[in-house]
Amino acid sequence: PNYQIGARFGIITANVIQLFRGPKYKSKLLSSLSIGSFNKKIKNPKTDCDWISVSEENIKSYLEDPYCGIGFTCSAFNDLFHLVVLMHQVKRYQNVNQKMNLLLLRGIDDPCTGGEKGSHDSYQILVNAGFKSIKQIDYPNMRHEILNEKENQKVYQDILCFYQELDESNFV
């Protein structure tokens, strides 16, 4: 996901809710403020989780699966918000192999990535942190769960090719 300016507010909100309800509490407010905003970017959504996939079949399977859609706890949202803030701080990228090859994949229609602006921002942070070898692949007509979309074989093939192209000396 790309950097979200509201992440700092999310940390404060999660801390306040945790103070009164505990870290394991599942807050509808936190969910609405974070992942709830993703569905707002989907034209004519039929469910609350259409942002996950363009495939209605995938959405139906997700909604029917008792292990999906469980929701984050306050503690998990707090961690997520911290990660979003920290990933945008170049000084945090210490003791990492900047020669490592990186592969950034995203569904173009995934609201979680922040569109073209968010994708560019995420890429630029990695460049500013010193990474030199970054390959980006954007998949049209795909949203968040690119490995479950109808054209997922293209994604798997691109991942396989990425690893096959790696020079053994750069393989981490």
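Worth saying up front: this structure is predicted, and the values here are computed from it rather than measured.

Analysis parameters
- Residues numbered from 1 in each chain as written.
- Predicted model: local features only at pLDDT ≥ 70, side-chain atom pairs only at ≥ 80, totals over all residues.
- Heavy atoms only, no water.
- Disulfide = S-S within 2.5 Å.
- Helix = DSSP H or I, 4+ residues; strand = E, 2+ residues; numbered from the N terminus.
- Expected span 1.5 Å × (residues − 1).
- Buried < 20%, exposed > 50% of the residue type's maximum accessible area, 1.4 Å probe, protein only.
- Contact = heavy atoms within 4.5 Å.
- Core = buried A, V, L, I, M, F, W, Y, C linked by side-chain atoms within 4.5 Å.
- Pairing = 2+ DSSP bridges.
- Right-handed = clockwise from strand over helix to strand, strands pointing away.

Caption draft 1: Region of the structure containing the state of the cysteines. A full pass over the atoms with the stated rule returns zero disulfides. Of the cysteine sulfurs around Cys49, a residue in no disulfide, the closest is that of Cys68, at 9.1 Å.

Caption draft 2: Focus on helix H1 (residues 7-21). With 15 residues, H1 extends 20 Å from end C-alpha to end C-alpha; this agrees with the ideal 21 Å at 1.5 Å per step. Buried within H1 we find Ala7, Gly10, Ile11, Thr13, Ala14, Ile17 and Gln18. Of the surrounding secondary structure, the elements contacted by the buried residues of H1 are helix H2 (28-33) and helix H5 (74-86). Downstream of H1 by a residue or two, Gly22 has a phi angle that is positive, lying close to 95°.

Caption draft 3: Just the environment of Gln124, in detail. Tracing the backbone shows Gln124 in helix H6 (residues 115-128). On the basis of relative accessible area, Gln124 is assigned to the partly exposed category, the value being 27%. Remark: the alpha-carbon pair of Gln124 and Ala14, spanning 110 residues in sequence, is separated by 29 Å.

Caption draft 4: Spotlight on the nonpolar core. Ala7, Ile11, Ala14, Ile17, Leu30, Cys74, Phe77, Phe81, Val84 and Val85 together form the largest nonpolar core, which totals ten residues. Elements with a contribution of two residues or more to this core: H1 and H5. Apart from residues no more than four positions distant in its own chain, Ala14 is found in contact with Leu30, Cys74 and Asn78.

Caption draft 5: How the structure looks around the pairing of strand E2 (residues 134-139). As paired elements, strand E1 (residues 102-107) and E2 share six bridges and run parallel to each other. Counted as the bridge partner of Leu104 is Gln136 from E2. The parallel pair E1 and E2 is bridged by H6, and the resulting crossover is right-handed.

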